[in-house]
Amino acid sequence: AIGPSVVQGTLMVFVGSIMHSLTYVMSESIMENDTVSVKSNCAIQGMVGSATILFWQFIYTRHHYEEVLSYPVQMAGTTWTQ
């Protein structure tokens, strides 16, 4: 039987694929109209992508701090400064 997590994961991959493909389409559209130079477009996309990843890492770590960071440090019998 397929669980709800599998269905949710499949939908997330599908939506992510659509968003990824639209990035290329929008990029081509912007560069065709000479609205933004190729270098500026590349820099803007890189900064937005980096900011998005950093934001996601902050949100994920904040909600999973105990299980991902704090608990393993305690189980290893160490501290953050060692």
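See above for the structure.
All values reported here derive from a predicted model rather than from experimental measurement.

The next thing to look at is the side chain of Ser 27. Tracing the backbone shows Ser 27 in helix H1 (residues 4–32). Judged by its relative accessible area of 10%, Ser 27 is buried. Every residue in contact with Ser 27, bar those within four places of it in the chain, is listed here: Asn 41 and Gln 45.

A few words now on the environment of Val 36. Tracing the sequence through the fold places Val 36 in the loop between H1 and helix H2 (38–63). Take Val 36: its relative accessible area is 27%, and that puts it in the partly exposed class. Sequence-wise, Val 36 and Arg 62 are 26 residues apart; in three dimensions their C-alpha atoms are separated by 36 Å.

Take the packing of aromatic side chains next. Under the defined criterion, the tally for this structure stands at one aromatic pair. With centroids separated by 5.9 Å and ring planes inclined at 45°, the aromatic side chains of Trp 56 and Tyr 60 adopt a geometry described as tilted. Taken together, the positions of Trp 56 and Tyr 60, both in helix H2 and four residues apart, correspond to about one turn of that helix. Note on Trp 56: relative accessible area 55%, which makes it exposed.

Attention shifts here to the packing of H2 against helix H3 (residues 65–75). Closest axis-to-axis distance for the H2/H3 pair is 5 Å, and the angle between their directions is 70°. Taken together, H2 and H3 sit at an angle that is classed as roughly perpendicular. Contacts between H2 and H3 involve Tyr 60, Thr 61, Arg 62 and His 63 on the former and, on the latter, Tyr 65, Val 68 and Leu 69. Here the contact of H2 with H3 is built from residues that sort into four nonpolar, two polar and one charged.

This part takes up the packing of H1 against H2. Relative orientation of the contacting elements H1 and H2 amounts to 150°, with a least axis distance of 10 Å. The orientation of H1 relative to H2 falls into the category roughly antiparallel. Here H1 and H2 pass one another in a crossing that is right-handed. Across the interface between the two elements, Thr 23, Ser 27 and Met 31 from H1 touch Val 38, Asn 41 and Gln 45 from H2. For the contact of H1 with H2, the class distribution of residues is two nonpolar, four polar and no charged.

Conventions adopted
Residues numbered from 1 in each chain as written. Predicted model: local features only at pLDDT ≥ 70, side-chain atom pairs only at ≥ 80, totals over all residues. Heavy atoms only, no water. Helix = DSSP H or I, 4+ residues; strand = E, 2+ residues; numbered from the N terminus. Buried < 20%, exposed > 50% of the residue type's maximum accessible area, 1.4 Å probe, protein only. Contact = heavy atoms within 4.5 Å. Phe/Tyr/Trp six-rings, centres within 6.5 Å; stacked < 30°, edge-to-face > 60°. Axes fitted to C-alpha atoms, helices over the stretch in contact; angles between N-to-C directions. Parallel < 35°, antiparallel > 145°, perpendicular 65-115°, else oblique. Nonpolar A, V, L, I, M, F, W, Y, C, P; charged D, E, K, R; others polar. Left-handed = near helix turned anticlockwise from the far one by under 90°.

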